[in-house]
Amino acid sequence: MAPRAPVRPSPIPTYRIDLSLPPEQRYLQLATDFGPKMRAITPLFDEVLSSLIPWARLRHWIEFLASIFLRRVYSPEETRELHGIAKASGVGLYILIALNVLLDSLLGCTSGGVVTELDKKGGRRAEGKAEARTLHFRTLDWGMDPLRGVLVQLEFVRSGSRDPEEVLARTVTYAGFVGVLTGVREGLSLSLNFRPNHHCSTFKLRLHQLLVIFGFRPAIASYLRNAIFSHIEGSSQVALGDLTAAMAQPKTAPCYLVLCDGERTIVIEKDLIGAKIRESKEFIVHTNHDTKSEDPAVPAQSEKSTILGLEVFLEESEERRECVQKKWDALVKRLEKKENEAWVSSGVVEVKPPMVREERLREWVRAYPVMNESTHFGCIMDAKTGTIRFLERGSEDAR
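Quick look at the structure, then. Per chain, residue numbering runs from 1 following the sequence as it is written. pLDDT decides what is reported in this predicted model: residues at 70 or higher carry local features, side-chain atom pairs at 80 or more are listed and counted, and totals for whole chains, interfaces and linings draw on all residues regardless. The side-chain numbers reported here are obtained from all heavy atoms of the structure, hydrogens and water having been left aside.

**Description of the overall build of the chain**
Stage number 1. A run of H or I in DSSP counts as a helix once it spans at least four residues, and a run of E counts as a strand once it spans at least two, with each numbered from the N terminus. In terms of regular secondary structure, the chain is built from 12 helices and 14 strands.
Stage number 2. Working definition: with a 1.4 Å probe on protein chains only, accessible area under 20% of the residue-type maximum means buried, over 50% means exposed, and in between means partly exposed. By the burial criterion, 52% of the 399 residues in the chain qualify as buried.
Stage number 3. If you take every contact in the chain between residues at least 6 apart in sequence, the share linking residues at least 24 apart comes to 69%.
Stage number 4. Put simply, the chain shows about 19200 Å² of open surface, and 54% of that area lies on carbon and sulfur atoms. Contacts were defined at the residue level, with two residues in contact if any of their heavy atoms lie within 4.5 Å. Computed with the Shrake-Rupley method and a 1.4 Å probe, the accessible areas treat only the protein chains shown as cover for residues.

**Focus on a positive patch on the surface**
Stage number 1. Any residue with relative accessible area above 30% and no salt bridge may belong to a patch, with like charges joined within 9 Å and the nonpolar Val, Leu, Ile, Met, Phe, Trp and Tyr side chains within 5 Å. Here, a salt bridge means any Lys or Arg side-chain nitrogen found within 4 Å of an Asp or Glu carboxyl oxygen. Neither His nor the chain ends is counted toward charge; the positive residues are Lys and Arg and the negative residues Asp and Glu. Just so you know, the charge point we use is NZ for Lys, CZ for Arg, CG for Asp and CD for Glu. Together, Arg334, Lys338, Lys352 and Arg357 line one region of the surface with positive charge.
Stage number 2. With respect to the element layout, lysine 338 can be found in helix H11 (residues 317-346).
Stage number 3. Overall, the relative accessible area of 59% leaves lysine 338 in the exposed class.

**Comments concerning unusual backbone geometry**
Stage number 1. The linkage connecting tyrosine 368 with the following residue, proline 369, adopts the cis geometry, with an omega of 10 degrees.
Stage number 2. Its place among the elements puts proline 369 in the loop between helix H12 (358-366) and strand E13 (375-382).

**Things to note about helix H8 (residues 220-229)**
Stage number 1. For H8, the tally of buried residues reaches eight of 10 residues, placing the bulk of the element in the interior.
Stage number 2. Of all the residues in H8, the buried ones are Ile220, Ala221, Ser222, Leu224, Arg225, Ala227, Ile228 and Phe229.

**Let's talk about the packing of helix H1 (residues 28-40) against helix H4 (residues 76-89)**
Stage number 1. Helix axes are fitted to C-alpha atoms over the stretch in contact, other axes to C-alpha atoms as well, and angles between N-to-C directions run from 0 to 180 degrees. For the pair H1 and H4, the least separation of the axes is 8 Å and the interaxial angle reads 60 degrees. In terms of orientation, H1 lies oblique with respect to H4. The two elements H1 and H4 meet at a crossing, and its hand is right-handed. From H1, Leu28, Ala31, Thr32, Gly35, Met38 and Arg39 reach across to H4, where they touch Gly84, Ile85, Ala88 and Ser89.
Stage number 2. Classifying every residue of the contact of H1 with H4 gives five nonpolar, four polar and one charged. Throughout, the term roughly parallel applies to angles under 35 degrees, roughly antiparallel to angles over 145, roughly perpendicular to angles from 65 to 115, and oblique to all others. Crossing handedness is defined as follows: a turn of the near helix away from the far one that is anticlockwise and smaller than a right angle gives a left-handed crossing, while the clockwise case is right-handed. Gly is put with the polar residues, along with every residue not named as nonpolar or charged; the nonpolar set is Ala, Val, Leu, Ile, Met, Phe, Trp, Tyr, Cys and Pro, and the charged set is Asp, Glu, Lys and Arg.

**A few points about the packing of H4 against helix H5 (residues 93-102)**
Stage number 1. Running from N to C, H4 and H5 point in directions that differ by 130 degrees, and their axes come no closer than 9 Å. Considering their axes alone, H4 and H5 lie oblique with respect to each other. For the pair H4 and H5, the sense of crossing is right-handed. In this structure, H4 contributes Leu82, His83, Ile85 and Ala86 to the contact, and H5 contributes Leu93, Leu96, Ile97 and Asn100.
Stage number 2. Classifying every residue of the contact of H4 with H5 gives six nonpolar, two polar and no charged.

**Some thoughts on the environment of aspartate 18**
Stage number 1. In this structure, aspartate 18 sits in strand E1 (residues 14-18).
Stage number 2. Along the backbone, aspartate 18 and glutamate 165 are 147 residues apart, and their C-alpha atoms lie at a distance of 10.0 Å.
Stage number 3. If sequence neighbours within four positions are ignored, aspartate 18 has contacts with Arg26, Val157, Arg158 and Ser159.
Stage number 4. Whenever two N or O atoms come within 3.5 Å, that pair is a polar contact, provided that in protein one can donate a hydrogen and the other can accept it, and provided that, for residues adjacent in sequence, both atoms are side-chain atoms. Side-chain polar atoms of aspartate 18 contact the backbone nitrogen of serine 20, separated by 2.9 Å.
Stage number 5. Within polar-contact distance, the side chain of aspartate 18 engages the side chain of serine 159 at 2.6 Å.

**Points about the packing of aromatic side chains**
Stage number 1. For Phe, Tyr and Trp, where Trp contributes only its six-membered ring, two rings pair if their centres lie within 6.5 Å, and the inter-plane angle classes them as stacked under 30 degrees, edge-to-face over 60, or tilted in between. Inspection of every chain in the model, using the stated rule, returns four aromatic pairs.
Stage number 2. Taking 5.9 Å as the distance between ring centres and 65 degrees as the angle between the ring planes, the aromatic pair formed by tyrosine 15 and phenylalanine 34 counts as edge-to-face. One end of the pair, tyrosine 15, is in strand E1; the other, phenylalanine 34, is in helix H1, and 19 residues separate them in sequence. Exposure class is identical for tyrosine 15 and phenylalanine 34. Each is buried.
Stage number 3. Relative to phenylalanine 229, the ring of phenylalanine 156 has its centre 4.7 Å away and its plane inclined at 65 degrees; by these criteria the two rings are edge-to-face. Taken as a pair, phenylalanine 156 in strand E4 (residues 151-157) and phenylalanine 229 in helix H8 lie far apart in primary sequence, 73 residues in all.
Stage number 4. In this structure phenylalanine 156 comes out as buried when scored by relative accessible area, which is 2%.
Stage number 5. Taking the relative accessible area as the measure of exposure, phenylalanine 229 reaches 8% and is therefore buried.
Stage number 6. Put simply, a charge is over a ring when the Lys NZ or the Arg CZ is close to the ring centre, within 6 Å, and near the line of the ring normal, within 35 degrees. It is arginine 72 that lies over the ring of phenylalanine 216; its NZ or CZ is 5.0 Å from the centre.

**Considerations on the sheet that holds strand E7 (residues 188-194)**
Stage number 1. Read across the sheet, eight strands follow the order E1-E4-E5-E6-E7-E8-E9-E10 without closing on themselves; strand pairing throughout is mixed. Where the open sheet ends on each side, the last strands, each with one partner, are E1 and strand E10 (275-280). The sheet shows a mean angle of 20 degrees between the axes of neighbouring strands, direction not considered.
Stage number 2. In this structure, strand E5 (residues 169-174) lies alongside strand E6 (residues 182-185), joined through two bridges in antiparallel fashion. Paired with threonine 171 across the bridge in E6 is glycine 183.
Stage number 3. Where H8 meets the sheet, it contacts E4, E5, E6, E7 and strand E8 (255-260), and its direction lies at approximately 170 degrees from that of E7. Paired strands, in this sense, are two strands between which DSSP finds at least two bridges.

**What about the pattern of salt bridges?**
Stage number 1. Inspection of every chain in the model, using the stated rule, returns 22 salt bridges.
Stage number 2. Aspartate 382 is the salt-bridge partner of arginine 133, the closest N and O atoms lying 2.8 Å from each other. A residue pair is termed long-range when its members are at least 10 positions apart, and arginine 133 in strand E3 (residues 132-141) and aspartate 382 in strand E13 qualify at 249 residues.
Stage number 3. Assessed through its relative accessible area of 0%, aspartate 382 is described here as buried.
Stage number 4. Among the salt bridges present, the one from arginine 389 reaches aspartate 382, with a minimum N-O distance of 3.6 Å.
Stage number 5. One salt-bridge network, held together by shared partners, links Asp119, Glu131, Arg133, Glu358, Arg362, Asp382 and Arg389.

What follows is the structure in structure tokens.
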């Protein structure tokens, strides 16, 4: 028999969310369409608990208490949105609350930014030269395969504005999730990566997590939502440096934040309190482990999460990072070699900054192990235009 051609993953559907509507009504079409799939994945709540609590009776008791006490998130607006989603989808409100406060702590990811020569369709200048700018690449990994079926791309509009068709922001997310894990608007793209370890007090971290679960503090995804939506509310756009400083200050669960404005990319290695910041105007990549410090007083990574098999992602975190880093290093070496050859042959060298072609960047994102059997999606965002230039659903047989 002839080998069967690989099946290309189905496209991720796009929905428009009208922010001029009352919060309860914004997600009605999405929740109605995805209701059956959302109801089918509600057992994942018990799967999360079973990874932490092996006793079935205790899990049932905790789930009963959750159905009573998980009634809101920190933001009243987001809470109203979740009430509307619960009613339209038939999914219990406490399940949606749990999804929105726990999801950002359970993700393996690869994120970064790189100077890119855009495709012809994306931007050739009048004189024929290729346009270049920093694009934000990102993959999101998780072991819960059923969630692949509820992936959506959201486009946020305001029907009551002077331009009701203008897309103000875009996110890639899961049906029922109202925070932001991956998003872009004009002037800013951002993504969140899971961080498995921390340097703060474990007791203080657990206390913070409880306060988030019960709606007394915002989850990090709510902070990212505010950063993406701030200009929609009429506020002036904040410079990337100022936004970085603001994002580094609040108490949040440990994570890695990657921000890009189309010219430079910043990685914030966030602890409960405080942060370590790196940035680059050429290339930077981050996965799910801390960067090594030359300061011997800074402790090395010592804790790992074993929730839902994420230990596999963390063991491969260095491999994923090195995969992208080596591709960039090879590109830089090829450019240096060409410049040296030009100098030897003619004595004249046109020094060009290193950059990757957009087509090649898509190949980098698709390459194993950057996209692997646990990848839910990969995308490339353009902060200059506020658009998603590439988005592809992951496949379980990626290799």
